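A look at the structure
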Amino acid sequence: MTKVLLLSDSHSYIDDRILEYASQADEVWHCGDFGSLDVIEQLEKIKPLRGVYGNIDNAKIQAEFPEVNRFFCEKLEVLMIHIGGYPGKYTPLTKKEIAEKAPKLFISGHSHILKAMYDQKNSLLHLNPGACGKQGWHKVRTMMRFVVDGEEIKDLEVIELGPRV
């Protein structure tokens, strides 16, 4: 079993609470808009970090993380794209990636809107952890955690970090 902490849209902000949750995970996944190398460095000090770059991330971050990250966690195939949309409203890039081979888990960020939806058409789970940072229009900072057991996702939990301001 692999315990995963799922973040997105930190926009250069990280606090002790996020780092405490990261220390409880086996891996941290970040779906873009890190905002700064400092966020990456702090997370990498604690646990292995997987991610994609977002639309606000600079060239250094883009050199470290891909736009599209497709990987396996145990037996679960994962697809991560910062600006990816959601079931019924996928971006062209996401549609192309899913058409080539649908993963079991598709993760996107960007919208700052927390979502957990099952896509019946493509037989996949879509997650967007919302935004853990303080920039944006969201009212509550959020992230998710869950367990990957073989090819199953278990114990999905939304973590509210408090108001954005």
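Data block above holds the structure.
Attention in this report is confined to the structure presented alongside it. (Residues numbered from 1 in each chain as written. Predicted model: local features only at pLDDT ≥ 70, side-chain atom pairs only at ≥ 80, totals over all residues. Heavy atoms only, no water.)

Remarks on helix α1 (residues 16-24)
The set of residues buried in α1 consists of Ile18, Leu19, Tyr21 and Ala22. For α1, the arc enclosing every buried residue in end-on projection is 160 degrees, short of the 170-degree limit, so these residues lie on one face. The inward-facing, buried residues of α1 abut β1 (2-7), β2 (27-30), α2 (37-46), β9 (140-149) and β10 (152-163). For α1, the capping residue at the N-terminal end is Asp15, with a side-chain oxygen 3.2 Å from the backbone nitrogen of Arg17. (Buried < 20%, exposed > 50% of the residue type's maximum accessible area, 1.4 Å probe, protein only. Helix = DSSP H or I, 4+ residues; strand = E, 2+ residues; numbered from the N terminus. Arc of directions from axis to C-beta. Contact = heavy atoms within 4.5 Å. Polar contact = N/O pair within 3.5 Å; in protein donor to acceptor, adjacent residues only side chain to side chain.)

What to know about the nonpolar core
Leu5, Leu7, Leu43 and Met143 are the most contacted members of the largest nonpolar core, which has 20 residues in total. Secondary-structure elements contributing two or more residues to this core are β1, α1, α2 and β10. Top element by residues in this core is α1. It accounts for 4 residues. In contact with Leu43, not counting residues within four places along its chain, are Leu7, Ile14, Leu19, Ala22, Val28, His30 and Leu49. Formed by 17 residues, the second largest nonpolar core is a distinct cluster that contains Val4, Cys73, Leu127 and Phe146. (Core = buried A, V, L, I, M, F, W, Y, C linked by side-chain atoms within 4.5 Å.)

Let's talk about the pattern of salt bridges
As enumerated under the stated definition, the model contains 9 salt bridges in all. Here Glu77 and Arg70 are joined by a salt bridge, their closest N and O atoms 3.0 Å apart. The salt bridge partner of Lys154 is Asp149, with a shortest N-O separation of 2.8 Å. Overall, the relative accessible area of 27% leaves Asp149 in the partly exposed class. One salt-bridge network, held together by shared partners, links Arg70, Glu77, Lys96, Glu97, Glu100 and Lys101. (Salt bridge = Lys/Arg side-chain N within 4 Å of Asp/Glu carboxyl O.)

Describing the packing of aromatic side chains
Under the criterion given, the structure shown has 4 aromatic pairs. Ring centres of Trp29 and Phe146 lie 5.7 Å apart, and the angle between their planes is 75 degrees; this geometry places the pair in the edge-to-face category. Of this pair, Trp29 sits in strand β2 while Phe146 sits in strand β9; the two residues are 117 residues apart in sequence, bridging distant segments of the chain. Ring centres of Tyr90 and Phe106 lie 5.6 Å apart, and the angle between their planes is 80 degrees; on these two criteria the pair is classed as edge-to-face. Remark: Phe106 occurs in strand β6 (residues 105-108) and Tyr90 occurs in the loop between β5 (76-81) and α4 (92-100); sequence separation between them is 16 residues. Neither residue differs from the other here; Tyr90 and Phe106 are each classed as buried. An aromatic cluster of at least three residues, connected via ring pairs, comprises Trp29, Phe71 and Phe146. Of note, Lys115 hangs over the ring of Tyr86, and the distance from its end group to the ring centre comes to 4.0 Å. (Phe/Tyr/Trp six-rings, centres within 6.5 Å; stacked < 30°, edge-to-face > 60°. Lys NZ or Arg CZ within 6 Å of the ring centre and 35° of its normal.)

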